[in-house]
Each structure stands twice: as structure tokens, then as C-alpha cells.
Amino acid sequence: MTERDPINSFKKLLKLAEASGIILPNAMSLATVDKRRKPSVRTMLLKGIDKKGFVFYTNLESRKVRELLNCPYAALCFWWPKLEKQVRVEGPVKKVGDAEADTYFASRPRWNQLAAWASQQSRPLSSRKELLRRFRLVERKFRDRKVPRPSFWSGFVVKPKTIEFWYGKPSRLHHRIVYKRRGNRWTTQLLYP
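Throughout what follows, the structure given in this document is the object of discussion. Source: prediction; values computed, not measured.

Reading the values: rules and limits
Residues numbered from 1 in each chain as written. Predicted model: local features only at pLDDT ≥ 70, side-chain atom pairs only at ≥ 80, totals over all residues. Heavy atoms only, no water. Helix = DSSP H or I, 4+ residues; strand = E, 2+ residues; numbered from the N terminus. Buried < 20%, exposed > 50% of the residue type's maximum accessible area, 1.4 Å probe, protein only. Contact = heavy atoms within 4.5 Å. Areas by Shrake-Rupley, 256 points an atom, 1.4 Å probe, with all protein chains shown as cover. Lys, Arg positive; Asp, Glu negative; His and termini not counted. Charge placed at Lys NZ, Arg CZ, Asp CG, Glu CD. Pairing = 2+ DSSP bridges. Phe/Tyr/Trp six-rings, centres within 6.5 Å; stacked < 30°, edge-to-face > 60°.

**Structural notes on the overall build of the protein chain**
Helix and strand counts for the protein chain come out as five helices and 10 strands. A principal-axis box enclosing the C-alpha atoms of the protein chain has dimensions of 55 × 40 × 30 Å. For the protein chain, buried positions account for 42% of its 193 residues. Within the protein chain, counting contacts between residues at least 6 apart in sequence, those at least 24 apart form 60% of the total. Here the protein chain has roughly 11,800 Å² of accessible surface; of this, 53% comes from carbon and sulfur atoms. Side chains of the protein chain give 43 positive and 16 negative charges; the mean places of these two sets differ by 2 Å.

**Overview of helix α4 (residues 110–118)**
Among the residues of α4, those classed as buried are Gln113, Leu114, Ala116, Trp117 and Ala118. Where α4 is buried, its residues contact α3 (98–107), α5 (128–141) and β7 (153–158).

**Some remarks on the pairing of strand β8 (residues 162–167)**
Within a regular strand, the side chains alternate between the two sheet faces. The buried fraction of β8 amounts to six of the six residues, a majority that puts the element mostly inside the structure. Burial along β8 is two-sided: the face carrying Thr162, Glu164 and Trp166 and the face carrying Ile163, Phe165 and Tyr167 are both buried. Where strand β6 (residues 85–95) and β8 come together, six bridges link them in antiparallel fashion. Residue Gln86 lies in a different strand from β8, and its bridge partner there is Trp166. Pairing of β8 with strand β9 (residues 175–182) involves six bridges; the strand directions are antiparallel. Opposite Glu164, over in β9, you have Val178 as the bridge partner.

**Let's talk about the packing of aromatic side chains**
For the structure on display, the rule yields 17 aromatic pairs. Linked through ring pairs, Phe10, Phe54, Phe78 and Trp80 together constitute an aromatic cluster.

This is the structure we're talking about:
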């Protein structure tokens, strides 16, 4: 049950979640802290996973990014109740390169690209009508042409220092194992449920 590489273990669980028919199996909670050390959490979508870490994309003017720039460390939590499995990830956060962000942005549906331009994420909005007005303006601006990635939109990678797997078991005798990165190696430790 225990692998040497928790990234491979995570990828297997994600595939299992995808195959199970769970809606948005890549949904994760992202926790950050503000300047006063007050925590904040929201649901995001995982858009990439490799040896570098867990990747997500967002508006660079959002609250989460302001918090990540203040404290470049985050926690992620994936919870698949249908599978009775959870994965928690903690580690430093770094912005992805422009080329990587451009490639991902170009792969998004056109409506999502336009929405990225229209949204002033996390800022006050007077009405839904205002958001739709902004969307129509952006739609006209990019009519009949490729939608470029806005300079205020990019991605981040959470480089895991700790990854904890929780597997639900009968009688609440759950299986928990935590991986901790030590240089280029991972150490493992079982935890009481």
C-alpha cells in the first residue's frame, strides 16, 4: 500500500476518482493566510501534477494571490467521499513561467478565456448585470481573433514538503500515512487515525 513516491500514489488516486464518476475529481481546497495570519480557504481546480508539484491557475489580482505573495506557503486538501479517501498537501508556492501559463491558457475553452479578461476577481461587483456587460465588451474586443492570456492571469505550483494520505476503514480504524520531503527523498510515517 505504501509507495516510495507520493506523487505516483496521488496520481493513482486521482485516476480512481476520475473513473468513479465523481464530479470535478480535481477539485481541491486551497488554504492561505493573510498579513494578520488569518486563514482563508476556497475551492480550486488542480490543473497539473508532476515532480515539481501541484499546479493551479488564477487571477493575479485575487485575494488568494495577495495572500500567497505575502506568505508563499499553502495547504491543499482533496476529499473524495465516494472513495473515502483524502489527500492533504503542504508546501511553498511559486509562480509558473509565462510559457507554461500561455500554453495552459490557450488550452482553455474560449468562454473561459473571455471570462478571465472580464472578471476583476475578488473586487466588489455592483451587480451581475455589470459582469455580463464586461463579458460582452471583452467578447466584442476579441471577436474573430485569438484571445491572449491577460498579464494579470497566471498559475502557481505548490511544491509539496508534506503529503498525507487518509484512507477510510471500518470502525474508524482509518489508515493514515504522511510523506515528508528530505532533500530529494521522501520519508514516511504512519499516523494514528
